[in-house]
Amino acid sequence: MFLARHGQTIFNVVFGQTRKDPGIEDPPLTEEGFRQACSLAEKLEALEIERLISSPYTRALQTAWAVGSRLNLGVTVEANVRERTAYICDIGASASTLADAWPGLDLSNLDEIWWTPEGESIPAFHERCAAFRRSMAHSVDWPHTAVITHWGVIRSMTGSLAKNAELLQCNPEEPHPDIGRAWP
């Protein structure tokens, strides 16, 4: 499968410069983030992508929308590829708010509050990522699936540190990288 980090947000800009949380819940893409999403869509167009999965965070959905539009694919929203709740930006929009903003998406599998408001332990986060990876290993279409997700998920699933809109391959049938001791 192909894993891609969402495009740039203002959180990424501010945190990258200051290492301080700017306090923005569920930030959208910046103009640069939208350009990155379109570039990512071009890269994915060259691959044989038949299925598109996205985290429910706005930044991931906006990135997935650009990809899905270019590839003429619908988006499957999957809470298990969400970021670990560690910063204010990891407070998501409720399922009903997302349904209003994204009327074409099927969000029926999302709980109203689908993120972990009280925070998520690092071991629980790694187990969630590993469970998604195992579920994809049992899916016959994993070689043709793109997942729009987040830095932490990609790191947990591959051991790689992904930049915004970076595309990586992940074979879920291969052994999972043991990075739990090195986190964060």
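What comes next concerns the included structure. Since this is a predicted model, take the numbers as computed values, not measurements.

### Observations concerning the pairing of strand β2 (residues 51–54)
Both β2 and strand β4 (residues 145–149) contribute to a ladder of four bridges, which runs parallel. Bridge assignment links L52 to a residue of β4, and that residue is A146. Viewed along the sheet, the connection from β2 through helix α3 (residues 58–71) into strand β3 (residues 76–77) turns out right-handed.

### Details of the pattern of salt bridges
Oppositely charged side chains may form a pair once their charged atoms are brought near each other. Tallied over the full model, the rule gives eight salt bridges. Between R70 and E45 there is a salt bridge; the shortest N-O distance is 2.9 Å. Separated by 25 residues along the polypeptide, R70 in helix α3 and E45 in helix α2 (residues 31–45) bring together distant segments of the chain. A residue is classified by how much of its surface remains accessible, and R70, at 40% relative accessible area, is partly exposed. Take E45: its relative accessible area is 41%, and that puts it in the partly exposed class. A salt bridge links D141 to R51; the nearest nitrogen and oxygen atoms lie 3.1 Å apart. Taken together, the residues D141 in the loop between α5 (122–137) and β4 and R51 in strand β2 connect sequence positions 90 residues apart. Each of D26, R59 and D90 takes part in a single network of salt bridges with overlapping partners.

Cut-off values and rules
Residues numbered from 1 in each chain as written. Predicted model: local features only at pLDDT ≥ 70, side-chain atom pairs only at ≥ 80, totals over all residues. Heavy atoms only, no water. Pairing = 2+ DSSP bridges. Helix = DSSP H or I, 4+ residues; strand = E, 2+ residues; numbered from the N terminus. Right-handed = clockwise from strand over helix to strand, strands pointing away. Salt bridge = Lys/Arg side-chain N within 4 Å of Asp/Glu carboxyl O. Buried < 20%, exposed > 50% of the residue type's maximum accessible area, 1.4 Å probe, protein only.

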